[in-house]
Each structure stands twice: as C-alpha cells, then as structure tokens.
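# Fold and contact review
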Amino acid sequence: MNRERRKTENQRRDGDRGQWTNKTEYILVVAGNVVGLGNVWRFPYLCYKNGGGAFLVPYGLLAVVCGIPLFLLETSSGQYTQEGFITCWRKLCPLAQGIGYGQAVMKLYDFSFIIVQVWALFYLVFSFTSQLPWANCENTWNTVNCIGLQVLDSSAPNMTTNQTMLTNTTSAATEFWERRVLAMSGGIEELGSVRWELALCLLACWVFCYFSIWKGVRSSGKVAYFTATFPYVMLLILLIRGLTLPGAWEGIYFYLYPDMTRLANLEVWVEAGSQICFSYSISSGILTVLGSYNRHNNNCYKDCFWICLLNSGTSFVAGFVVFSVLGFMAQKQGVTVDNVAESGPGLVFVVYPQATAMMPVPQFWSVCFFLMLFFLSVDTHFVTVECFITSISDLFPKLLRAAGRSEIFALFICLLFFLIHLTLVTEGGIYIFQLYDYYGCTRACHYCMALSECLALAWIFGADRVIKNIEDMTGQRPSVFFKLCWKYIIPLLSLISFILYLVGYTHLKINNYVYPDWAYTLGWTMTLSSVLMVPLWAAGQMCLTPGTFRQRLYVLCRPAEDPAWKRREMEEEGTTVELRTSAVTA
C-alpha cells in the first residue's frame, strides 16, 4: 500500500504523462479519431466515382496490405516506447527522428480542419429557424438567379425541370453556402474582413477543444464517451430515414453498381490507397501517441483489427446514408443521381442541406445531420491537438509537465491557433483553407512518411525485433505477412504512389479561380516543410555526431535498450530491493 502511494506521489511530482483509465477510453478515442469526415463526404463519393461495388476490391486489398499493418506498426511503436511521435524515435532509431518533426509540422496544418466544425456549428444554429434559409430565395443575400426548392422539385404543380433553363441559375442552398456562410471574395488576394458570426463559432470550437484536452488523457478519454458514440446514434437515425425515402434504392444502386472495367484504371487504386491513409490516420503520428498511453501489456494486435474493421464498416454504411438521400433528391428533381452527387464541402454543405429541406419536418433532419457532422469533426480535431501537445511535452517533460504548466501550455496552443485561424473566417478564408488542404496534408506527405517509417522500423530497427516486441507486449506473435508488408509491399506501394502523385500533379483551382504564382509557391513550401524534415534531420545528426562515418551511423541506428516502461520497472524493482535490504539491516 505504501509503495503504491509513493509511486503515485512520485508520478505527480515528476509530471507523469499518465495512461488511459481503461481500455474503453482508448478504443473510443481512437475510433472517434479515425471515424471522421472522410467516412461521410469522401468514401461514398469515391466508391460511386470509381466503379461502385468494384471499388471495394482495391479498397479492401489495400486495407489488408497497407492499412492494418501500418496501424499495428505505429500503435505498437507508441505502446512499446511510451513516448509521443517525436521522442519515440530516440528509442527506436535516432537517425529517423525527422519523421516525428515532419509529422509535427503536418499536425499544424491539420489544425485548420477546425473550420469544418465552424461551418457545421453555423448550419446547426440556422437549423432551428422556422424556415430553413437555404430552402428559399427570399433572403437579403440571394441574387436574381436564385431558384428555390419549389423550382427544383419536379413534383411541384405546373413545373417542368428543364436543364437548359437552369443552366444560368443557382440553387438557394448554393447561394446560402457561398454568399451567406463564406461570403466569398474574388480570390486569396482579397481576404476582406473577419466574419464575426463565424469568429464566434470558431471561438466556441476552440473553447470546446481546450476543455476536452486540458487535463490530457484524463479529460479527453471522458469526453470521448459522448463525442465518439453520439455520431453513431445520428448515423443510425439518418440511415433509417434515408432508406425509407422515395428514390432511395436508385441512389444506392448508383453507389454500389459494380463497374469491373474501372479496376484496370491505375487512378482507382491510387485513390483507394489515399483513402486508407486519410481515414485510418496512418503515417500521421496520431496512432503512435494514442498507443503510448496504453499499458505495456495491452493487446494492440487485436485492437488494430477491430478498430480498422469499425472504420471501414462505418464508411460503407455512411455510403447508404448519403446515396439514399441523393437518390431521393434525384427523383424529386427529375434528374439522374450523378447530377447531384459530388464530394467534399459541396456534398455536406450544399447537397445534403438541400435534401433535408425537401423532407417533412426539415428542421429535425437538418439538426440530426449537422450534430453528427459537428461531433465527427470534434473528435478528430481535439485528438489531433492533444497528440501534438503530448509530443511537444515529451520533448520538454520537466518544463511542460510540471504541475499546472500542461494546462497553461494547452491554453497557449489553443489561443495561438484561434488567432491564426481568424484568417479562415474572412471573406477569402475558403481559399486559404483549400491551400492548407491541398498542400499542407497532401498525399505526398503521407506517402513519404509511410515509406520512411517502414525503412526505419522494418530495415534499420528490424522487422523481427518489431514482431518480438509485439509478442512480448501482447502474448501473440504477428504473422510473417506483416513482416512482408513492412519490408517490401508498403515501401514499394508508397514509392510508386508518390511518383504517380508528382506525375499527375495539377494546380489547385476553386471553380474557375486560378491561384497566383506566389500562392502555389507557398503551397509547395508547406508540402516540403514536412517532407524534407526526414532527410535534413538525418544529415544534421550525421554531421553533429562525433566519430567516423561508420561509428556515427552505428550510434544513430542503434535503438535504446531500455525504453521508458523497462526503466520504470527496473526503478521499481530497485526501490523494492533497497527497502528490503534496509529492513533486514535494521
């Protein structure tokens, strides 16, 4: 009893980083992070666009050979070292610590996705009005070209849907999105003023984020009980409603109709791989941090299978939710589903709100949808911020883990990025956000990080040693299949995908707007700021480490033999021996 009390007091005094209270918290936080916006607005559209049910073939195959092995590799690395995504490399392969710094830079760009939370909250507030503002053209922001639902609805009396007639018109939902929510300026050169309504929503989102993470995993684990489960309740409600709408099965047919000829297109396989990276949160460092809060003997081997299955299953079910509603919209407008299907913000902030406005009791369905969207983005965002703060704190534990300092540091990060993100709620904010999205966290960054991780852990640290560590922690020895994936399959596919990305690169455009040259230069600077961290750190360490070239390489590639958990065990055993010796002497 006294020993346990002393251990707890020492941990508090030294600013111990803590652990998950129980296994449930870990599962909920990881699931809440990996199940996000990509499941709702990206996977269903990619499935429809790339062969319907046939897309499940490359998606499933790449999930098995890339997604699950990388998920296990990153989670087990964090659990083994008990460190964040920067300092964990000191105990695995010091030469590769640039991977952690590159992932830290990627996290800074990831913070910008809080703007999706802001938009969802803004729409949620307007969903409580007596008449949804994106359903009619009687508002101050509407133009003469606006058409309301009574025109789009082909079942309305004395109305015929004529696509030629509608060519130069804009739907009320589009005008609400572009003119009321975004108030889009002419380009990134015209930032305009800060939109105070969006700024208040941004402040509310950062306040929510702060109080979710201010006590570290002790607070984020508790918050996840609600934020990770509530979206599933909303998803189930929307699924039942969607399947009962007229025209729903026509939309589902478009979603799943298999076009096997699409499998011969290399782009389909590349997009399937990018979706795996995006939705599984691999090669971003998040899984390493979340795994580091596990107990040493947690069965991460089994966890990775269940969480990956949950993520892919949610993506698949979300497709039914989205396309059942798109089928309903297509029938109401008298057009085919492909005329209303699109990806990205246009799907969730234009098409889906317009669909809810066509349903009976539209306010209820709008509230359900935007609540789901808000909490999906909340989970992903506060986990991203928490992982960044944890990794920086692991770099300076004495400075940032002292009593009260961790809360102050979290407050400083949230306040700093609230001020930075005020640029995203200006009239030109959408152009900045798209620049972050297209260049800051691009597929090229994920491919390079995945390649670097596999080279460092499977080749330098040793795939056999990784497998042995997992067996020591879980009691289960991973199949030799994982070794093949880490050493050969994932590096090869990552390299090929990176080359294809560079070959097929096109400049970012929004509608017909072309960014100025300086914006493209800034974009590539963001991409290179994370990618170049890996070789630059390795080169710097090789120059600063004393000894011959061979000696320096040996030192920097040699893993530490006493990770944090092992040292703690040794210290505890040493304390016990010392106490027993003292007692005998006395």
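In short, a report on the structure. Treat the numbers as computed from the prediction; the structure is a model and nothing was measured.

### Description of the overall build of the protein chain
- Looking only at helices and strands, the protein chain features 26 helices and four strands.
- A buried classification covers 58% of the 586 residues belonging to the protein chain.
- Taking all contacts inside the protein chain whose residues are at least 6 apart in sequence as the whole, residues at least 24 apart take part in 83%.
- Carbon and sulfur atoms make up 64% of the accessible area of the protein chain, which totals about 25,100 Å².

### Thoughts on the nonpolar core
- If you look at the biggest cluster of nonpolar residues, it comprises 188 residues, and the most contacted ones within it are Trp 119, Phe 349, Trp 486 and Tyr 515.
- Looking at which element gives the most residues to this core, the answer is helix H17 (residues 362–395), with 19 residues.
- Filtering out sequence-adjacent residues up to four positions away, Trp 486 remains in contact with Pro 69, Leu 70, Leu 72, Leu 73, Cys 454, Ala 458, Ala 463, Val 466, Ile 467, Ile 470 and Pro 491.

### Quick look at helix H9 (residues 196–213)
- In this model, H9 (18 residues) spans 26 Å end to end at C-alpha, consistent with the 26 Å of a helix rising 1.5 Å per residue.
- On its buried face, H9 is in contact with helix H6 (114–126), helix H8 (172–181), helix H10 (217–227), H17 and helix H19 (405–420).

### Overview of the side chain of Asn 469
- Tracing the backbone through its elements, the reader meets Asn 469 in helix H21 (residues 443–474).
- Not counting chain neighbours up to four residues away, the residues in contact with Asn 469 comprise Tyr 80 and Phe 461.

### What about the pattern of salt bridges?
- Tallied over the entire structure, the rule returns eleven salt bridges.
- For Lys 49, the salt bridge goes to Glu 271, with nearest N and O atoms at 3.4 Å. With a gap of 222 residues between them, Lys 49 in helix H3 (residues 37–49) and Glu 271 in helix H13 (residues 266–280) connect regions that are remote in the sequence.
- What makes Glu 271 buried here is its relative accessible area of 11%.
- Its salt-bridge partner being Lys 91, residue Glu 83 comes within 2.8 Å of it at the nearest N-O pair. When sorted by exposure, Glu 83 lands in the same class as Lys 91, which is buried.

### Things to note about empty space enclosed by the protein
- Scanning all chains against the criterion turns up four cavities of 30 Å³ or more.
- When its volume is computed, the largest cavity comes out at roughly 80 Å³.
- Residue lining of the largest cavity: Val 35, Gly 36, Asn 39, Val 40, Pro 231, Tyr 232, Leu 235, Thr 314, Ala 318, Met 372 and Leu 376, and that is the complete set.
- Elements that contribute at least two residues to the lining of the largest cavity include exactly H3, helix H11 (230–243), helix H15 (300–333) and H17.
- Here the lining of the largest cavity gets three residues from one element, more than from any other, and that element is H11.
- Looking at the lining of the largest cavity residue by residue, the classes come out as eight nonpolar, three polar and no charged.

### Observations concerning the state of the cysteines
- Under the criterion given, the structure shown has one disulfide.
- Here Cys 137 engages in a disulfide with Cys 146; their sulfurs sit 2.0 Å apart. Its S-S torsion of approximately -75 degrees makes the covalent link between Cys 137 and Cys 146 left-handed.
- Residue Cys 137 is classed as partly exposed on the basis of its relative accessible area of 27%.
- Between Cys 414, a free cysteine, and Cys 209, which holds the nearest cysteine sulfur, the sulfur-to-sulfur gap is 4.5 Å.

### Notes on the environment of Ile 490
- Structurally, the position occupied by Ile 490 is in helix H22 (residues 480–503).
- Distance from Ile 490 to Cys 66, taken between C-alpha atoms, is 5.9 Å for residues 424 residues apart in sequence.
- Beyond its immediate sequence surroundings of up to four residues, Ile 490 is in contact with Val 65, Cys 66, Pro 69, Leu 70, Cys 454 and Cys 485.

### Concerning the packing of aromatic side chains
- Scanning the model with the defined rule gives 61 aromatic pairs in all.
- Aromatic side chains Tyr 123 and Phe 176 sit 5.2 Å apart centroid to centroid with 80 degrees between the ring planes, which places their arrangement in the edge-to-face category. Taken together, the positions of Tyr 123 in helix H6 and Phe 176 in helix H8 put the pair 53 residues apart, joining distant regions of the chain. Of the two residues, Tyr 123 and Phe 176, both sit in the buried class.
- In this arrangement the basic side chain of Lys 215 is found over the ring face of Trp 214, its NZ or CZ atom lying 4.8 Å from the centre.
- A cation sits over an aromatic face here: Arg 465 above Phe 461, 5.2 Å from the ring centre.

### Observations regarding unusual backbone geometry
- The backbone phi angle of Gln 82 is positive, close to 60 degrees, even though this residue is not glycine.
- Assignment of secondary structure puts Gln 82 in the loop between helix H4 (56–81) and helix H5 (98–110).
- The backbone of Ser 281 shows a phi angle near 60 degrees, a positive value even though the residue is not glycine.
- You can see Ser 281 is positioned in the loop between H13 and helix H14 (286–292).

### As for the packing of H6 against H8
- Viewed as axis vectors pointing N to C, H6 and H8 meet at an angle of 110 degrees, and their least axial separation amounts to 13 Å. With respect to their mutual orientation, H6 and H8 come out roughly perpendicular. Relative to H8, the crossing made by H6 is right-handed. Each of Trp 119, Phe 122, Tyr 123 and Phe 126 in H6 lies in contact with H8, whose residues at this interface are Phe 176, Trp 177, Arg 180 and Val 181.
- Grouping the amino acids of the contact of H6 with H8 by side-chain chemistry returns seven nonpolar, no polar and one charged.

Definitions and cut-offs
Residues numbered from 1 in each chain as written. Predicted model: local features only at pLDDT ≥ 70, side-chain atom pairs only at ≥ 80, totals over all residues. Heavy atoms only, no water. Helix = DSSP H or I, 4+ residues; strand = E, 2+ residues; numbered from the N terminus. Buried < 20%, exposed > 50% of the residue type's maximum accessible area, 1.4 Å probe, protein only. Contact = heavy atoms within 4.5 Å. Areas by Shrake-Rupley, 256 points an atom, 1.4 Å probe, with all protein chains shown as cover. Core = buried A, V, L, I, M, F, W, Y, C linked by side-chain atoms within 4.5 Å. Expected span 1.5 Å × (residues − 1). Salt bridge = Lys/Arg side-chain N within 4 Å of Asp/Glu carboxyl O. 1 Å grid on protein atoms, 1.4 Å probe; cavity = no way out; pocket = protein on both sides within 12 Å on 5 of 7 lines; lining within 4 Å. Points joined across faces, edges and corners; volume = space filled by probe spheres on them. Nonpolar A, V, L, I, M, F, W, Y, C, P; charged D, E, K, R; others polar. Disulfide = S-S within 2.5 Å. Phe/Tyr/Trp six-rings, centres within 6.5 Å; stacked < 30°, edge-to-face > 60°. Lys NZ or Arg CZ within 6 Å of the ring centre and 35° of its normal. Axes fitted to C-alpha atoms, helices over the stretch in contact; angles between N-to-C directions. Parallel < 35°, antiparallel > 145°, perpendicular 65-115°, else oblique. Left-handed = near helix turned anticlockwise from the far one by under 90°.

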